[in-house]
2 protein chains.
Amino acid sequence: MPAALIESIANLRDHLSGARRASATIGLVPTMGALHVGHARLIEQARRECQLVAVSIFINPTQFDRADDLARYPRTLAADSSLCDRLGVDVIFAPSVEEMYPSKPQCTVAVGPIADHLCGRYRPGHFQGVATIVLKLLQIVQPDRAYFGEKDAQQLAIVRRLVADFNVAAHIVGVPTVREADGLAVSSRNARLSPEERQSATALYRALQFADRQICDGVTDAGSVTHAAASTIPDNPLLKLEYLEIVDPDDMQPVSTIAGPVRVAGALWVGSTRLIDNVLSTPPAVLQS
Amino acid sequence: MPAALIESIANLRDHLSGARRASATIGLVPTMGALHVGHARLIEQARRECQLVAVSIFINPTQFDRADDLARYPRTLAADSSLCDRLGVDVIFAPSVEEMYPSKPQCTVAVGPIADHLCGRYRPGHFQGVATIVLKLLQIVQPDRAYFGEKDAQQLAIVRRLVADFNVAAHIVGVPTVREADGLAVSSRNARLSPEERQSATALYRALQFADRQICDGVTDAGSVTHAAASTIPDNPLLKLEYLEIVDPDDMQPVSTIAGPVRVAGALWVGSTRLIDNVLSTPPAVLQS
């Protein structure tokens, strides 16, 4: 049966009320569309764990810090619907901007120091926009479980705090990053890369792997790890490293001495496309204990 | 049957899950305790409209802008419980500060221009604290209906926007202000007044009534109405008017020419106690049309 395509909040609530009355487990996969194999992994896990799977497709304008990025964001609803059908999604919720923001909001989510580093430092207002739209989607769908990719590690950490801080009755599930054969993290923005850019784009994951090996080898000074990892990025006019940082995996604060599991995260401009990636690294002292 | 007194979020969710499965209508009356006849009115209305009535009693530290006000806020749990029992409340939720704020939150509610005037102007951070705790309580209880007094008109307007902006699935019910025989709005803070202060405290409502009469008589210039109303406050060392403003009843923005229903609101210091009150006024042109 094809997924029901629903555009209004009222119709979605109607549609879900039967499942809720029957105590069906509801899973939500929030997306901005342009679905790829990474999203498929989220949907497949939701399908295994929930009786009703809803995928939201909404390109949220309030989380874009650059107008050109919003304008260029891929819109592929027909292909997205086919993929959802193949994966057995029950409901696609694809509201308009007017449906989600009928008037200028008075209340938004403010995000604290967890948004001060990594992407939060370079994308002003981005995580306020993300947290606000995720809260709205969680209220509209009221899922038992909501699925987010680990590729957006800071987003995932913030969503976990959003749900804890506001006592939202949903369980947040993080799903591992899906990679191409050469290691590039799958992303909707990869579609924008020229063949030459695509080839160079693996530099980010290679730098993260380099950092991971240093940490596994027992290097504990975060500054020397990030410095050495950043210098593996080729001197190529297509590439510009925005950041490469080592942070605590929960509160996303910079770590200076690596004494436990850390998140190594980076953002790399490849031509006019900004890509992000991260790995979780555990120093040997922790593995032995 | 006496109300169940529950202190933990997990126990409350357990307790409510049966009612939710049975599709019982759940009503929430959020309070800071020190229950009075105004709260009783909220509870009675909830009792008439809902199958399960929960009263939360939590003195929320994050909404107090002054430490002495928090320290002096009356705490009367035994009397509050008795009143709830008499009114047929099903559940009292009385969590500790640690239960509600186990760690410093990363996510809070930011409130826009609706909090710029009236109390919001004089109590920095107050409505951010109110909006955040109300959102948390709405997530914990997940009520069908939540009841708030019109005495706190700006709070009620902000809660209505909170629920609309975040798509919270709860209906917000405003309940008219309860007054003493001489017009003083019932408030937990009235208990702090000395007999002499109590007598002078009616000046605020009298000023609001004066403004209402002017508006009903057709005066449309908000500045002259508030000026004239403020001058009715007696020249008494016990009394200090903090504000007396005329605002739009939905977005709480100042009105200069009165052309439709307006909220006339004021805050008056009586000794070291700050009291607030408001009336909804409708000019004659609107009544005739």
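What to know about the relation of the copies chain B and chain A
Mapping between the two copies of the chain is achieved by a rotation about an axis and a shift along the axis.
Then, number 1: Take chain B, turn it by 180 degrees, move it 0.0 Å along the axis, and it overlays chain A with an RMSD of 0.0 Å. Both copies are brought into coincidence by an operation consistent with a two-fold rotation axis. Across chain B, the smallest distance between a C-alpha and the rotation axis is recorded for Val109(B), namely 2.4 Å.
Then, number 2: Comparing contact sets, 100% of the residues at the interface of chain B also lie at the interface in chain A, consistent with an isologous, same-surface contact.

What to know about the nonpolar core
Then, number 1: Counting residues in hydrophobic clusters, the biggest one holds 162 residues, and the most contacted among them are Ala131(A), Ile158(A), Leu162(A), Ala131(B), Ile158(B) and Leu162(B).
Then, number 2: The residues touching Ile158(B), leaving out its near neighbours within four places in the chain, are Val111(B), Ile114(B), Ala115(B), Phe127(B), Val130(B) and Ala131(B).

A word on unusual backbone geometry
Then, number 1: One non-glycine residue, Gln142(A), lies in the positive phi region at around 50 degrees.
Then, number 2: Examined against the element boundaries, Gln142(A) turns out to sit in the loop between α7 (126-141) and β6 (145-149).
Then, number 3: On the basis of neighbour counts, which here come to 18 C-beta atoms within 10 Å, the residue Gln142(A) falls in the partly exposed class.
Then, number 4: A positive phi angle is found at Ser23(B), which is not glycine, with a value near 55 degrees.

Describing the sheet that holds strand β2 (residues 26-31) of chain A
Residue and element names in this part refer to chain A.
Then, number 1: Read from one edge to the other, the open sheet built from 6 strands follows the order β1-β4-β3-β2-β6-β7, with strand pairing classed as parallel. Of all strands in the sheet, those bounded by a partner on one side alone are β1 (4-6) and β7 (171-175). Sheet twist, expressed as the average angle between the axes of neighbouring strands with direction ignored, equals 25 degrees.
Then, number 2: Helix-sheet contacts for helix α8 (residues 153-165) involve β6 and β7, and the interaxial angle to β7 is about 170 degrees.

Let's talk about the confidence of the model for chain A
Then, number 1: Overall, the prediction assigns chain A a mean pLDDT of 96, with 99% of residues at 70 or greater.
Then, number 2: The complex model carries a pTM of 0.97, and its ipTM stands at 0.96.

Overview of the packing of helix α7 (residues 126-141) of chain B against helix α8 (residues 153-165) of chain B
Residue and element names in this part refer to chain B.
Then, number 1: The geometry of α7 relative to α8 is characterised by a closest axis approach of 10 Å and an angle of 50 degrees between their N-to-C directions. Classed by the angle they form, the pair α7 and α8 counts as oblique. For the element pair α7 and α8, the recorded crossing hand is right-handed. Across the interface between the two elements, Phe127, Val130, Ala131, Val134 and Leu135 of α7 pack against Gln155, Ile158, Val159 and Leu162 of α8.
Then, number 2: Residues belonging to the contact of α7 with α8 are distributed by class as follows: 8 nonpolar, 1 polar and no charged.

Considerations on the interface of chain B and chain A
Then, number 1: Taken residue by residue, the interface counts 25 residues in chain B and 25 residues in chain A.
Then, number 2: For the side of chain B that touches chain A, the secondary-structure elements that each account for two or more residues are α1 (9-21), β5 (107-111), α7 and α8 of chain B.
Then, number 3: Of the residues belonging to the side of chain B that touches chain A, the class tally is 14 nonpolar, 7 polar and 4 charged.
Then, number 4: Sheet topology note: the strand β5 (residues 107-111) of chain A/β5(B) ladder contains 5 bridges and is antiparallel.

Re the sheet that holds strand β10 (residues 273-281) of chain B
Residue and element names in this part refer to chain B.
Then, number 1: Strand order in the open sheet formed by 3 strands is β8-β9-β10, with antiparallel pairing between adjacent strands. Both edges of this open sheet fall to β8 (239-247) and β10, since each of them pairs with a single strand only. The average undirected angle you get between the axes of adjacent strands in this sheet is 15 degrees.
Then, number 2: For β8 and strand β9 (residues 262-270), the ladder comprises 8 bridges, and the chain directions are antiparallel. Paired with Val247 across the strands is Arg263, a residue of β9.

Description of the environment of Val168(A)
Then, number 1: Its place among the elements puts Val168(A) in the loop between α8 and β7.
Then, number 2: In this structure Val168(A) comes out as buried when scored by C-beta crowding, with 23 C-beta atoms within 10 Å.
Then, number 3: As a C-alpha pair, Val168(A) and Gln139(A) span 29 residues in sequence and 8.5 Å in three-dimensional space.
Then, number 4: Excluding its chain neighbours within four sequence positions, the residues that come into contact with Val168(A) are Leu138(A), Val163(A) and Gln139(B).

Examining helix α2 (residues 37-49) of chain B
Residue and element names in this part refer to chain B.
Then, number 1: Look at α2: 18 Å from first C-alpha to last across 13 residues, which is about the 18 Å you get at 1.5 Å a residue.
Then, number 2: By the burial criterion, the buried members of α2 are Gly38, His39, Leu42, Ile43 and Ala46. End-on, the buried residues of α2 take up no more than an arc of 140 degrees, which puts them together on one face. In α2, the exposed positions that point more than 90 degrees away from the buried face belong to Val37 and Arg48.

Concerning helix α11 (residues 222-230) of chain A
Residue and element names in this part refer to chain A.
Then, number 1: Residues Ala222, Val225, Thr226 and Ala229 constitute the buried set of α11. Summarising the axial view, the buried residues of α11 lie within an arc of 90 degrees, below the 170-degree limit, and thus occupy one face. For α11, the exposed residues lying more than 90 degrees away from the buried face are Gly223, Ser224 and His227.
Then, number 2: Against α10 (203-216) and β8 (239-247) lie the buried residues of α11.

Rules of the game
Positions within a chain are numbered from 1, following the residues in the order the chain's sequence is written. Just so you know, chain letters begin at A and ligand numbers begin at 1, following the order they were written in. Side-chain atom pairs in this predicted model are given and counted only at pLDDT of 80 or more, local residue features only at pLDDT of at least 70, and totals for whole chains, interfaces and linings cover all residues. Superposing the copies works by least squares over the C-alpha atoms of residues that have pLDDT at least 70 in both of them. Residue pairs are scored as contacts if the distance between their C-beta atoms, which are placed from the backbone, is within 7 Å. Linking buried Ala, Val, Leu, Ile, Met, Phe, Trp, Tyr and Cys residues through C-beta atoms within 7 Å yields a set, and such a set is a nonpolar core. Whether a residue is buried, exposed or partly exposed follows from its count of other C-beta atoms within 10 Å of its own C-beta, namely 20 or more, 12 or fewer, or something in between, respectively; the C-beta atoms are built from the backbone. In DSSP terms, a helix is any run of H or I states spanning at least four residues, a strand is any run of E spanning at least two, and both are numbered starting from the N terminus. Being paired, for any two strands, means DSSP has found at least two bridges between them. Lines fitted to the C-alpha atoms define the axes, with helices restricted to the stretch that makes contact. Angles between their N-to-C directions range from 0 to 180 degrees. Scored between 0 and 100, pLDDT is the confidence that the predictor attaches to each residue. When an angle is under 35 degrees it counts as roughly parallel; over 145 it counts as roughly antiparallel; between 65 and 115 it counts as roughly perpendicular; any other value is oblique. Throughout, a crossing is termed right-handed when the near helix is turned clockwise from the far one, and left-handed when it is turned anticlockwise from it by less than a right angle. Under the scheme applied here, ten amino acids are nonpolar (Ala, Val, Leu, Ile, Met, Phe, Trp, Tyr, Cys and Pro), four are charged (Asp, Glu, Lys and Arg), and all others, including Gly, are polar. What a helix is expected to span follows from its residue count: subtract one and scale by 1.5 Å. The directions considered for the arc run from the helix axis to the C-beta atoms.

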